[in-house]
Every structure is written in structure tokens, then in C-alpha cells.
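Residues per chain are reported as follows:
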Amino acid sequence: MDRQPPTGASRPTRTTAQDVTAPAVRRPRRAVAGTLAAAVLGAAALAGCSSSGTASKVASSAAAAVGSGASAVASAAASAASSVAGGLSSAVSSAVASAAGSAEAAASSAVSHVKGGLDAKGDITAGTVTIGSDGKAEATLTVTNHGQQSDRYVIQVNFTDDSGNVLDATAVTVPDVAAGQSAQATARSNRDLSGSVKVVVANAVRY
């Protein structure tokens, strides 16, 4: 039979075994946590202020760079367009000059191939140039035979601009013209011409 301790007597303290495998419980230290939080918030605030100024500078620099880049692109595009236009103009001018040179050489060759021909430029008079409905330049040639016998004529006619640049050329053949008589023929350009066009009798022979 168990004996109860007398009333008012203290019970002996029992020692309990501690579970050594249980993790240690650490109570949060509010003071330390509060201090850290304040520090973090303060740093964030400072960083925010600093970032705002930096962001403004970066944005400004970026805008300037974009503007500069756009200006450079526009300038390059304008330069490229100008170069292309200049190149096309140069190519067209070169093609025209080449065609005119070829026509002039062919007309000159037609005159030079006449064997035994006599210079007859003084027998030729050229009228005013007109542009036909087909775009070709035309000029009337008047041939007056100042010789003592009937002759045929081969005439080189150049069409030029006001500066004397040859635009086109052709060779005109005039059949027998009696001594002391006149005849007319038409010089016509090989290609379309426009603007102010003049006609020049570059060479002529009779035979």
C-alpha cells in the first residue's frame, strides 16, 4: 500500500531525460531582427534614390544615343540616295556620250571611205533643227554644186547642244547634182533628241 506524503510536504523533484535528437529551438531576437530590417530598408531607400538618378542619366544618354543614331542613319540614307542618283546620272551621261561617239565615228568613216573625193563643205548649207513627232531631230541640207561637172555628195552631219557637245551624228548621201545646180536632202538623227539642238556640217566630199 502506497504511502502518501504528509500534507504540506513538498514532493521530490523528478529528473526527466532530455531528447538529445530534438532540434534546438532558437527564439527570434526581436531587437536584432528589427535592427536588420531597418538597415535593409535604409539601404534599399538609398539604393532607390541613387538608382533613380542613375536611371535618369541612363535614359537621357540612351535617348541621345538613339537620336544620334537616327540622325546618322538618316544622313547615311541621304548620302546613299545622293550617291545612287549621282551614279545613275553619271551612267546615263556616259551611255549618251558613248552612243554619240559611236554615231559620230560611223558618219566620219562613211565620208573618209570615199575614194578620190573632194572637199565639199563649202557646198553645203544646213537649216534650222526641228524635232519631229517621233522625237527625232531633223535639218534640211541645201547642196549647191560649185564644180564643173555633176557630182554626188556624202555629208557628215553632227547634232550638238548649245555647248557644242555632240549628241548624235549621221551621214547623208545626195545623188548626182548637176554643175551649178542645187539639191536638198534631210539629215535625221538616229535617236530621240530634245531641248536646244543645233546642226553642224562636220565634213562633206563630192565625187
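The shown structure was predicted, so the numbers you read here are calculated from the model rather than taken from an experiment. (Residues numbered from 1 in each chain as written. Predicted model: local features only at pLDDT ≥ 70, side-chain atom pairs only at ≥ 80, totals over all residues. Heavy atoms only, no water.)

### A look at the pattern of salt bridges
Thinking step 1. Here the structure, examined in full by the defined rule, presents seven salt bridges.
Thinking step 2. Arg206 is the salt-bridge partner of Asp123, the closest N and O atoms lying 3.5 Å from each other. Taken as a pair, Asp123 in the loop between β1 (118-119) and β2 (124-126) and Arg206 in strand β8 (residues 198-206) lie far apart in primary sequence, 83 residues in all.
Thinking step 3. Its salt-bridge partner being Lys136, residue Asp192 comes within 2.9 Å of it at the nearest N-O pair. (Salt bridge = Lys/Arg side-chain N within 4 Å of Asp/Glu carboxyl O. Helix = DSSP H or I, 4+ residues; strand = E, 2+ residues; numbered from the N terminus.)

### A short note on the sheet that holds β8
Thinking step 1. One open sheet holds the four strands; their spatial order is β1-β8-β5-β6, and the pairing between them is antiparallel. Only two strands of the sheet have a single neighbouring strand rather than two, namely β1 and β6 (166-177).
Thinking step 2. Two elements, strand β5 (residues 151-160) and β8, share eight bridges in a ladder whose sense is antiparallel. Across the sheet, residue Val154 finds its bridge partner in β8, namely Val205. (Pairing = 2+ DSSP bridges.)

### With respect to the side chain of Lys136
Thinking step 1. Following the sequence through the fold, Lys136 ends up in strand β4 (residues 136-144).
Thinking step 2. The buried category is assigned to Lys136, whose relative accessible area is 18%.
Thinking step 3. A distance of 2.9 Å separates polar atoms of two side chains, one belonging to Lys136 and the other to Asp192.
Thinking step 4. Contact partners of Lys136, with chain neighbours within four places excluded, come to Thr130, Ile131, Arg188, Ser189, Asn190, Arg191 and Asp192. (Buried < 20%, exposed > 50% of the residue type's maximum accessible area, 1.4 Å probe, protein only. Polar contact = N/O pair within 3.5 Å; in protein donor to acceptor, adjacent residues only side chain to side chain. Contact = heavy atoms within 4.5 Å.)

### A closer look at the environment of Ala202
Thinking step 1. Locating Ala202 in the fold gives a position in strand β8.
Thinking step 2. Take Ala202: its relative accessible area is 26%, and that puts it in the partly exposed class.
Thinking step 3. With 33 residues separating them in the primary sequence, Ala202 and Ala169 have C-alpha atoms 9.3 Å apart.
Thinking step 4. Excluding residues that lie within four positions of it along the chain, Ala202 makes contacts with Lys121, Gln156 and Asn158.

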